[in-house]
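# Residue-level structure breakdown
The chain contents come next:
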Amino acid sequence: MSRMNRESMLVVDNVTKRFGGLRALNKVNVEVKRGEILGLIGPNGSGKTTLFNVIMGFYHPEEGRVLLQGEDITDLKPHQIARRGVGRTFQIVRPFGDMTVLENILVSGLFSVPRGGEHRKIEDRCHEILKITNLTERINDPADELSIAEKRRLEIARALALDPQLLLLDETMAGLTHAEVDQALQMISGIRKEFGLTMIVVEHVMRAIMSISDRIVVLSEGRKIAEGTPKEVSENEQVLTAYLGHRKGS
Amino acid sequence: MAFELLAQTIINGLFIGFLFGLAGMGLTLIFGIMRILNFAHGAIIMLGAYTAFWIFILYSINPLVAILIGTVAGLIFGVVLYMILVNRLVRAPALASLLALFGVSMILENSMLNLWSPNPRSIPVDYPTISYGLVTISGSRVLVSIVAIAASVLLLATLKWTRFGRMIRATVQDSRAATLMGVDVNKVYALGFSIGIALAFLAGGLLALIYPFEPFGGLQYALYSFVVVVLGTLGNPAGCLFAGLIIGLIHSITGSYWTLNMSPAVAYLILVLTFLLRPGGIMAGRE
Amino acid sequence: MRGIGFNSLTMSLGFLILIGIYGMVADTATTSYLHAMVELMILAYSLNLFTGLSGYANFGHVVFYGLGAYTVSVSAVGLSSMGMSLPTPVYVLGAGVFAAIFALVIGFPILRLRGDYFAIATLGINEAVRVTICNTKELGEGRGIYILGLVPSYDIKMLYIQLLLVAFAVVVTTHIVLKTKLGYGLRAIRADEDVAEIMGVNTSKYKIMAYALGAFFAGLAGGVVTLQFACSFPEYLFIGRSVDMFSAIIIGGIGTLLGPLIGSVIFWIVKDALLIQFPYFHLIIFGVALIVLILFFPRGIVGLANRVLAKRGKVLE
């Protein structure tokens, strides 16, 4: 395909994923350019999480492929995709509860590097990441004991320790207070500057997604219904109906 | 002769199969509702056998009545076990609940050993046998099958048509959604667990009519039940009956054409093969 | 924190040396007592390597112990029929290697199963192997295989030393596993397998590595026991034996370095005392204790100790 140029970090090419008779994703095409933040929005059940799971290799699509920097990763396993530089956070936080904050991060640090990586060096980098995500004070606490905002930051820190090129953020801000959302936004742009990361961000907090995304893709019932800058998308008729229609329904 | 042996084998297999199916149903009901694998299932089946045995011996009443009283006792035992222990296991990690129920198994088996000695027992009744040519059918097996079928049908009908059954099915599907729909999930857990235990008592009582039993004899039946529920898809009572028949047939065919001692090994081999061939269907996929 | 982890290793190895010396100077009865305790310790550590770290309930762990035992007896009988014999350490190593190979073969299918399904499958395999042995003429059926005179016989003190070497090896292996990628990967799997996979952990590979490693040490223990009693019985594969191992790692602290050691010693002493006091009730008491521990002290003695030590900024492993 001609769209597969060097500037693409990730290409989701005509992907269809079915569960029984239901098409969770229906011929979805998404391209993420190197260095950009792509916002992914859509009503509940529109296929956002399914798309993340397809990219991560948890689900294998019936049709279509996923390309990471030109390489076909459709049939790889999640850990292989992770080691190729894709990090992900979870909407419902899932820290390794009985491990300390540092150990949580060490896991992805240790496994991201090829064989023979030096333990010391990895640990140093983990300390660096803890500083950026503002978790240094809790370094030796069990992850279970963190507050919800801290657990969300731990999710991000853990993904960062993978040394990713592409970061998938799944509703990092749900349930946070207004001030906490601001902090999170600051942290995300800080991360972008520091690591030069490409990101796909799923978010229900509209204020947040509109302010950090370069471009936005809208999914509804497994289909892509719109794509464009935040401004274009927010004025799109189809998007408004999809959202409002859904709100009425639920 | 060869035909008679085959016919006899198949008939025996089907009759015992209903009992295996019944034993599996209790296990699968509990798993479906609470996502807990009752590791004490075998010991509880044995306890059911002893309960029916002692009611029969002490009050010298009709063995079927003794088994039914035993089943009610099982229901009560289930409620007590739920209140003391099992309610704490619902949200515990799988390893913890498996080990705790393993502990229950130890307590029950060794209590039975201390109370009633390691000697095998059985309910000594002779029902007339039915003969047809060289094929004979023992009356007790027929009786056991009829009771097992009746109990299975009763359970399936309850699940399908009563309000309580709908509550159970909703919980099996999605306990969180069931809570939102106004189902008292704790009550469903307690009752569902107790019914599962009552079914195990019933299976144990019926078993005592055809086979001898002893305190540590439960492991074999627990393993058969595991095989039955896995074959019939965990959490699906109707599938159990069908799987029970298959395992009954295998049990009986191995016994007739090889040696009865190898029958458990063959059953476990089938278990492992099921795991191998249907990993997608039986893997606990999340999200 | 590292330094204290090292202390846990020193403490474990130091303890083994102490009971080693004591066992050498004590009378034979005491040595036998310690021998049985160390055997339990090895089994507890081998179970801990897999179940303790990965959280996968393996109720069929004794199958590896039993297979190790039968490897020694079968190969001793086979070799002697050809007029050959091997040095005992070779038999023991062979037992471990065979158990590990068996683990690799069955691990491939059953490690794809999670939680309860895995537990069922391990039970099934254990029973299938046991029933097969009981019904195979060549394997001595229910009577077992006797190898008296076919292998060089040692007195209990020599065997005790061999067993202690295995114990040393399993403690050091556990320490290394805990400090390296394997340990981190397994603990991540125990906490959340899907997330571990997303953090780059090749979960299938790490699970099977730990499974085979645990099997190896259980096989070694089975090998030494066969040499000790000069026979192997189907009873070695009796599921009830798992009770002791599980109790030991739960008492001590599951997934830790010191836990299996502390747990085995306490379990063994208490079991011995209970056995004398209440010969018929001790297993009932253990059942109750197991449940109470799981519900109220899921992290065992090491976990309790760490709660106290944490205030001083120290931690045991």
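Note that the coordinates shown come from a computational prediction; the quantities given were computed from them, not determined experimentally.

Here is what the cut-offs are and how they apply
- Residues numbered from 1 in each chain as written.
- Chains lettered and ligands numbered in written order.
- Predicted model: local features only at pLDDT ≥ 70, side-chain atom pairs only at ≥ 80, totals over all residues.
- Helix = DSSP H or I, 4+ residues; strand = E, 2+ residues; numbered from the N terminus.
- Rg over C-alpha atoms; globule rule 2.2 N^0.38 Å.
- Buried ≥ 20, exposed ≤ 12 C-beta atoms within 10 Å, placed from the backbone.
- Contact = placed C-beta atoms within 7 Å.
- Pairing = 2+ DSSP bridges.
- Axes fitted to C-alpha atoms, helices over the stretch in contact; angles between N-to-C directions.
- Nonpolar A, V, L, I, M, F, W, Y, C, P; charged D, E, K, R; others polar.
- Parallel < 35°, antiparallel > 145°, perpendicular 65-115°, else oblique.
- Left-handed = near helix turned anticlockwise from the far one by under 90°.
- Core = buried A, V, L, I, M, F, W, Y, C linked by C-beta atoms within 7 Å.
- Expected span 1.5 Å × (residues − 1).
- pLDDT = per-residue confidence, 0-100.

### Things to note about the overall build of chain A
Counting its regular elements, chain A contains nine helices and 10 strands. Its C-alpha atoms give chain A a radius of gyration of 18 Å, near enough to 18 Å, the size a compact globule of 250 residues would have. For chain A, the spread of C-alpha atoms along the three principal axes comes to 50 × 40 × 35 Å. Across the 250 residues that make up chain A, the buried fraction comes to 45%.

### A closer look at the overall build of chain B
Secondary structure summary: chain B contains 12 helices and two strands in total. When the helices and strands of chain B are read in sequence order from the N terminus, they spell out α-α-α-α-β-β-α-α-α-α-α-α-α-α. For 287 residues, the compact-globule estimate of 2.2 N^0.38 gives 19 Å, and chain B sits close to it at 19 Å. Counting only C-alpha atoms, chain B reaches 60 × 45 × 35 Å along its principal axes. Taken over 287 residues, chain B has a buried fraction of 49%. Contacts in chain B between residues far apart in sequence, at least 24 positions, make up 77% of those at least 6 positions apart.

### Notes on helix H1 (residues 48-56) of chain A
Residues and elements named next belong to chain A. Burial runs high along H1: eight of the nine residues are buried. Taken as a whole, H1 has its buried residues at Lys-48, Thr-50, Leu-51, Phe-52, Asn-53, Val-54, Ile-55 and Met-56. Residue Gly-57 follows H1 closely and has a positive phi angle near 90 degrees.

### Side note on the sheet that holds strand S5 (residues 71-72) of chain A
All names here are of chain A. Pairing in this open sheet of four strands is antiparallel, and the strands run S2-S1-S4-S5 from one edge to the other. Lying at the two open borders of the sheet, with one neighbouring strand each, are strand S2 (22-33) and S5. Packing of H1 onto the sheet brings it into contact with strand S1 (8-19), S2 and strand S4 (63-68), and relative to S2 it is tilted by some 65 degrees.

### Examining the interface of chain A and chain C
At the interface, 19 residues of chain A touch 15 residues of chain C. Broken down by secondary-structure element, the contributors of at least two residues to the side of chain A that touches chain C are helix H2 (78-83) and helix H3 (101-112) of chain A. Residue composition of the side of chain A that touches chain C, by class: 10 nonpolar, four polar and five charged.

### Focus: the sheet that holds strand S7 (residues 166-170) of chain A
Residue and element names in this part refer to chain A. Pairing within the open sheet is mixed, and its six strands lie in the order S6-S7-S8-S3-S9-S10. At either end of the open sheet lies a strand with only one pairing partner, and these are strand S6 (86-88) and strand S10 (223-228). Pairwise comparison of adjacent strand axes, ignoring direction, gives a mean angle of 20 degrees for this sheet. Here three bridges tie S6 to S7, and the two strands are oriented parallel to one another. Residue pairing in the sheet places Arg-88 in a bridge with Leu-168 of S7.

### So, the packing of helix H9 (residues 218-231) of chain B against helix H5 (residues 115-134) of chain C
Their axes nearest at 10 Å, the elements H9 of chain B and H5 of chain C cross at an angle of 130 degrees. Put simply, H9 of chain B runs oblique to H5 of chain C. Of the two possible hands of crossing, H9 of chain B and H5 of chain C adopt the one that is left-handed. In this structure, H9 of chain B uses Leu-223, Phe-226 and Val-230 of chain B to contact H5 of chain C, whose residues at the interface are Ile-120, Leu-123, Gly-124 and Glu-127 of chain C. Partitioning the contact of H9 of chain B with H5 of chain C into residue classes produces five nonpolar, one polar and one charged.

### As for the interface of chain B and chain C
Contacts between chain B and chain C engage 37 residues on the former and 39 residues on the latter. Elements represented by at least two residues in the side of chain B that touches chain C include exactly helix H3 (63-89), helix H4 (94-116), H9, helix H11 (263-277) and helix H12 (279-282) of chain B. Broken down by element, the side of chain B that touches chain C gets its largest block of residues, 13 residues, from H4 of chain B.

### Here we look at the environment of Pro-142 of chain A
The topology assignment puts Pro-142 of chain A in the loop between helix H4 (119-132) and helix H5 (148-160). In the structure, Pro-142 of chain A is positioned 43 residues away from Met-99 of chain A in sequence and 5.4 Å away in space, judged by C-alpha atoms.

### Some thoughts on the pairing of S4 of chain A
As a general feature of sheets, a regular strand has side chains that alternate between the two faces. All names here are of chain A. Alignment of S1 against S4, held across five bridges, turns out to be antiparallel. Paired with Thr-16 across the two strands is Glu-63, which belongs to S4. Sheet topology note: the S4/S5 ladder contains two bridges and is antiparallel. Across the sheet, the residue bridging to Leu-67 is Asp-72, located in S5.

### A word on unusual backbone geometry
Phi at Gln-69 of chain A takes a positive value of approximately 45 degrees, unusual for a residue other than glycine. Summarising the element assignment, Gln-69 of chain A is placed in the loop between S4 and S5. With 17 C-beta atoms counted inside 10 Å, the residue Gln-69 of chain A sits in the partly exposed group. Backbone geometry at Ala-230 of chain C places phi at a positive 55 degrees, although glycine is not the residue there. Secondary-structure assignment places Ala-230 of chain C in the loop between helix H9 (203-229) and strand S2 (231-232).

### Looking at the environment of Phe-213 of chain B
All names here are of chain B. Looking at the secondary structure, you find Phe-213 in the loop between helix H8 (185-210) and H9. A tally of 23 C-beta atoms within 10 Å means that Phe-213 is categorised as buried. Taking C-alpha positions, Phe-213 is 28 Å from Gly-32, a pair spaced 181 residues apart along the chain. Leaving out residues up to four positions away in the same chain, Phe-213 has contacts with Met-46, Ala-49, Pro-120, Arg-121, Ser-122, Leu-207 and Ala-208.

### Quick look at the nonpolar core
Residues Leu-19 and Val-227 of chain B together with Ala-99 of chain C are the most contacted members of the largest nonpolar core, which totals 279 residues. If near-sequence neighbours (up to four positions away) are discounted, Ala-99 of chain C is found in contact with Phe-64, Leu-67, Gly-68, Ala-215, Phe-216, Ala-218 and Gly-219 of chain C.

### Things to note about the pairing of S10 of chain A
Residue and element names in this part refer to chain A. Judged from the five bridges that link them, strand S9 (residues 215-220) and S10 form a sheet pairing that is antiparallel. Paired with Leu-219 across the strands is Lys-224, a residue of S10. Joining the antiparallel neighbours S9 and S10 is a turn of two residues, in which Glu-221 adopts a positive phi near 50 degrees.

### Quick word on the packing of helix H2 (residues 41-59) of chain B against H3 of chain B
Residues and elements named next belong to chain B. In the contact formed by H2 and H3, the axes pass within 8 Å of each other and the chain directions differ by 130 degrees. What the angle tells us is that H2 and H3 run oblique. Where H2 crosses over H3, the two elements pack in a sense that is right-handed. Contacts between H2 and H3 involve Gly-48, Thr-51, Ala-52, Ile-55 and Phe-56 from the first element and Pro-63, Ala-66, Ile-67, Ile-69, Gly-70, Ala-73 and Gly-74 from the second. Here the residues of the contact of H2 with H3 are counted per class, giving eight nonpolar, four polar and no charged.

### Comments concerning helix H6 (residues 156-179) of chain C
One turn of an α-helix holds 3.6 residues; hence residues three or four places apart share an orientation. With 24 residues, H6 of chain C ought to run about 34 Å at 1.5 Å a step, and its terminal C-alpha atoms sit 35 Å apart, in line with that. Looking at H6 of chain C, one finds that the buried residues are Leu-159, Tyr-160, Leu-163, Leu-164, Val-166, Ala-167, Val-170, Val-171, Thr-174, Val-177 and Leu-178 of chain C.

### Regarding the confidence of the model for chain B
Residues and elements named next belong to chain B. Considering every residue of chain B, the mean pLDDT works out to 86; 95% of them sit at 70 or more. Every residue in residues 280-287 scores below 50 in pLDDT, and together they form 10 contacts with partners more than four places removed in sequence or on other chains. In the model output, the complex is listed with pTM 0.87 alongside ipTM 0.85.

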